[in-house]
Structure formats: structure tokens, C-alpha cells
Amino acid sequence: AAAIWRIDPAFIKTSVPILIEAIERPPKDSGYPSYYLSNTLGEIGSPAKEALPVLRRVFDRPDDFGRWVAASAICRIDPAQTAAVLPEMIRALEDPAGTSRGGVAFGLGEMGPIAINAVQALTAALTDDDPNLKVQAARALEKIAPGARR
């Protein structure tokens, strides 16, 4: 389900419920953690609107990498929710004690241009001591504002 919709978009309608089920009740031997599945739903975009409640539950989890990917997916599925989600992502990115700052940057990058208000925080993250955060921030900036001067 995570890949078949790419081959034939006609499978989106059947793939979304399978992806939702896998997030809610992952099989013990699943090689697809919730962040991968959340990101896939975000890639599907607005046809995955029925996934918003489960993605919101993932987003409401305490500091967790998957939380930020779910936030990104929520915004890609329903851009109107960006105003509610983006400020929290920026705060988490700017929190030096945050444990998932690289995940926040990754999620912002997956949002693309709708995360334009995060450019300042991502640019600041380029000077952080955490090498993973620097890489994720650079990737995010390229996806959000390709070619912009930093």
C-alpha cells in the first residue's frame, strides 16, 4: 500500500485505509514504522483526508520523531492546518533541549514551500552543533526555498 499508489493512482482509495490501519495497529514484524507510513500519507496529499484523525493522534504523542513527520503529513493533506501546526514545529526546532530536532527539520522539509515561515529557524539550525540537525535543516531549506540565499 505504501508504494502501489505510486504505480497506479487508482489504488489511493484502497491504500489509505491500509496505511491508517498499519499506523494504528502495526504488525509486530513491520518494517514500516509510523513515521514512514505518515510520510506516505502526506505524499498522497488531500485524497488521504480520512487519515487526519490518526495523524493528529500521532502528532499529539510526546517528543517523538514520528510526531513531526505526522505534523508534516497533516499540513500536506490539509494545508489549512499549517497555521496551527507550523508554530509548534518551529518552537520544537528552536528548543536546544529538544531530542527530535532533526526530525522536526525533516518534517518541515517534507512540507515544502508551505513551511516558508520556518526558513529563519532552519537557517539558524545550520550553525548548531548537532550534525544530523545541520544536514536535515539544509535539506529542508532546499525543499522549502530552493536556491534561496542563506
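Quantities reported herein were computed from a predicted structural model and do not represent experimental measurements.

At their nearest, the axes of helix α2 (residues 12–24) and helix α3 (residues 34–44) sit 10 Å apart, and the two run at 155° to each other. Classified by the interaxial angle, the pair formed by α2 and α3 is roughly antiparallel. The hand of the α2/α3 crossing is left-handed. Side by side, α2 and α3 meet where I12, V16, L19, A22 and I23 of the first sit next to S34, L37, S38, T40, L41 and I44 of the second.

On to the nonpolar core. L41, L55, M89, L93, L108 and L122 are the most contacted members of the largest nonpolar core, which has 43 residues in total. Listing elements by their share of this core, those giving two or more residues are α2, α3, α4 (52–59), α5 (65–77), α6 (82–94), α7 (101–111), α8 (119–125) and α9 (131–144). For this core, the leading source of residues is α5, giving 7 residues. Other than its neighbours up to four places away in sequence, M89 contacts W68, A71, S72, V104, G107, L108 and M111.

Conventions we followed
- The residue numbers shown here count from 1 along each chain, following its written sequence.
- The predicted nature of this model means local features are confined to residues of pLDDT at least 70 and side-chain atom pairs, given and counted, to a pLDDT of 80 or more, with totals for whole chains, interfaces and linings taken over all residues.
- Side-chain metrics rest on all non-hydrogen atoms present in the structure, leaving aside hydrogens and water.
- Lines fitted to C-alpha atoms define the axes here, with helix axes fitted over just the stretch in contact, and angles between the N-to-C directions of these axes take values from 0 to 180 degrees.
- Each helix is a run of DSSP H or I of at least 4 residues and each strand a run of E of at least 2, with the numbering of both proceeding from the N terminus.
- Any angle from 65 to 115 degrees is called roughly perpendicular, while one under 35 is roughly parallel, one over 145 is roughly antiparallel, and all others are oblique.
- Handedness of a crossing is defined here by the sense of rotation of the near helix relative to the far one, left-handed for an anticlockwise turn of less than a right angle and right-handed for a clockwise turn.
- Two residues form a contact once any of their heavy atoms are found within 4.5 Å.
- Put simply, a nonpolar core is a bunch of buried Ala, Val, Leu, Ile, Met, Phe, Trp, Tyr and Cys residues held in one set by side-chain atoms that sit within 4.5 Å of each other.
- Each residue is placed in one exposure class: buried if its accessible area under a 1.4 Å probe, protein chains only, is under 20% of its type's maximum, exposed if it is over 50%, and partly exposed if it falls in between.

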